[in-house]
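Here are the chains, one letter per residue:
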Amino acid sequence: MKTINFGRGLLTTVLVLSLLLSFGGGAPVAASQTQLANDLRISQVYGGGGNSGATYTHDFIELFNAGTGTIDLSGYSVQYASSTGTSWQVTILAGSIGPGQYYLIQEAQGTGGTTPLPTPDAVGTIAMSATNGKLALVNTSTALSGSCPLGATVVDFVGFGSANCFEGSAAAPVLSNTLAAFRADNGCTDTDDNSADFTTTAPAPRNTASPTHSCVVTQPSIALNKTVGTDPTSCATTDEIALPAGGGEVTYCYEVTNTGPVTFTLHTLDDSELGNLFTHLSYTLAPGASAFITETATIITTTVNTGMWTAYNVGPTDVVTATDVATVTVAASNPSIVLNKTVGTDPLACATTDEIVLPPGGGEVIYCYEVTNTGDLTL
C-alpha cells in the first residue's frame, strides 16, 4: 500500500487517485518619449487632501522602487502642472529608496480632512487638482516647461483625468476627494500606458517605513528529494543504501517542495523502475509547502532508479517537473555448499564415518547425506 503524507504533518491517508485532469490646449499627446519601465516610478497620486469629504489633510505623491537595488534620489524632483497647463511646480527630493520600498511626498494642505499623512519622506507645497492633472518624476530639479515636456530627464509621467499629456493610449482615470490613482500590482505594473496601469480607489499613502513589495518575477518550480532506507514508517535521510547479498526490502521516500510562486493542485509521480505511483492526484501544494509519499519495494540486485514528480495548476497554465535519483547497492553473492556423506548400520541416526566393514555375506547399511550452506545466499 502506498502512503502519502502531506507537509510532514500528522495527516496520513491512503493514496486516492483523482481523475481531475491578461500640445497646448489641442489634442492629447501620449508620452511616448518617456523612458520605458524604469525601476523608479510614480505609484500613487492623490490631489483631494483637505477637501470636502476627504480623510487625509494633505495632497500626496507616492514613488516606488520596483528594482533590486537602492536608488539615490539626490537631485530628483516631482513636478506638477494642471491638465492643460504649461507651468510646472517643483518639489525637490532627497535621501534614497530601497528595492521594493515606497517613498511618500507630502504636498499642500487643505482646510478639511481628519487624518494626517504617515511621516513623509519629502515635503513640498504643490496644490494639486483633486480630479485632473499631469505629474512628472524628473531626474533633475530644473522646472519643466511646455504642455508635454517629454525627454531624457523625465523618468516617469502620469496624466490623469482630462490631462492633455499622458503615457500610452489614454490618461489615468479622473480622481476625486476620496479617490487616488494606484499603479497596479502595488506599483510593479508599468506598461507605459497610464489608462492601463492605474485604477482608482481610496487613498492609502505608503512611506519608506511601510512593508516592502518585491516585483522580482520567479518561475513556477518544484524540487524533488528522493531518499531510500529500510524503515517503512519514516523517510530516510540519504539517497543511497547498501544491502547484503540477496537484497531485501527498502522504502523509498519522494518529497516534493513548491519552490516557486504558483500553487499546484494536481500531481503525478513516476519511477523508472517502479512505474507510475499515482496520476493526477488532487492536492493543493502552496508556495513553500512540501508533501511526501513512501513506497516499499523488494530489491534483489543493485538498482539505480529515478523518480519524476510532475505538478500542475488549474488549467493547467503551468506544468513543472523535478527528478531525483536513489541507489540501492546489493552485495555480490558467493553461493556454496558442502556435502558430508556417511555410512553406518543404525537406521535412526547418521553415522559419523564414511567407511564401514560388514561380515561375510554383507548386510544392510544406512547412508546419510548432510548438506551445509557455506555461502551468502539462501538456497
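Residues numbered from 1 in each chain as written. Predicted model: local features only at pLDDT ≥ 70, side-chain atom pairs only at ≥ 80, totals over all residues. Heavy atoms only, no water.

Peer 1: Teacher, can you tell me more about the sheet that holds strand 13 (residues 154-160) here?
Peer 2: Pairing between sheet strands relies on hydrogen bonds along the backbone, with the strands arranged either parallel or antiparallel. The strand order across the open sheet built from four strands is 8-7-12-13, with neighbouring strands paired in antiparallel fashion. Of all strands in the sheet, those with a lone pairing partner are strand 8 (89-92) and strand 13, marking the two edges. Within this sheet the neighbouring strands show an average axis-to-axis angle of 15 degrees, counted without direction. Here strand 12 (residues 133-138) pairs with strand 13 via six bridges, running antiparallel. Note on strand 13: the bridge partner recorded for Val138 is Val154. (Pairing = 2+ DSSP bridges. Helix = DSSP H or I, 4+ residues; strand = E, 2+ residues; numbered from the N terminus. Axes fitted to C-alpha atoms, helices over the stretch in contact; angles between N-to-C directions.)

Peer 1: Explain unusual backbone geometry here, please?
Peer 2: Of all residues except glycine, most have a negative phi; of all peptide bonds, most are trans. Of note in this structure, Asp192 is not a glycine but carries a positive phi near 60 degrees. Following the sequence through the fold, Asp192 ends up in the loop between strand 15 (180-183) and helix 1 (194-197). At His280, a residue that is not glycine, the phi angle is positive and equals roughly 50 degrees. Tracing the backbone through its elements, the reader meets His280 in strand 21 (residues 275-285).

Peer 1: Explanation requested: the side chain of Asp59 in the structure shown.
Peer 2: With respect to the secondary-structure elements, Asp59 resides in strand 5 (residues 58-65). One buried charged residue, Asp59, remains without a salt bridge, the closest side chain of opposite sign being Lys134 at 17 Å. A polar contact is formed between the side chain of Asp59 and the backbone nitrogen of Gly49, at a distance of 2.8 Å. Apart from the residues lying within four places of it in its own chain, the contact partners of Asp59 are Tyr46, Gly47, Gly48, Gly49, Ile105, Gln106, Glu107, Ala108, Leu117, Ile126, Ala127 and Met128. (Buried < 20%, exposed > 50% of the residue type's maximum accessible area, 1.4 Å probe, protein only. Lys, Arg positive; Asp, Glu negative; His and termini not counted. Salt bridge = Lys/Arg side-chain N within 4 Å of Asp/Glu carboxyl O. Polar contact = N/O pair within 3.5 Å; in protein donor to acceptor, adjacent residues only side chain to side chain. Contact = heavy atoms within 4.5 Å.)

Peer 1: Whenever I open this one, the pairing of strand 15 confuses me. Can you help?
Peer 2: Across a regular strand the side chains alternate sides, sitting on one face of the sheet and then on the other. The two faces of strand 15 match: Ala180 and Phe182 on one face and Ala181 and Arg183 on the other face are all buried. Where strand 4 (residues 40-46) lies against strand 15, two bridges are found, and the strand directions are antiparallel. When the bridges of strand 15 are listed, Gln44 appears paired with Phe182. In terms of strand pairing, strand 15 meets strand 16 (residues 198-201) through four bridges, oriented antiparallel. If you follow Ala181 over to strand 16, its bridge partner there is Thr200.

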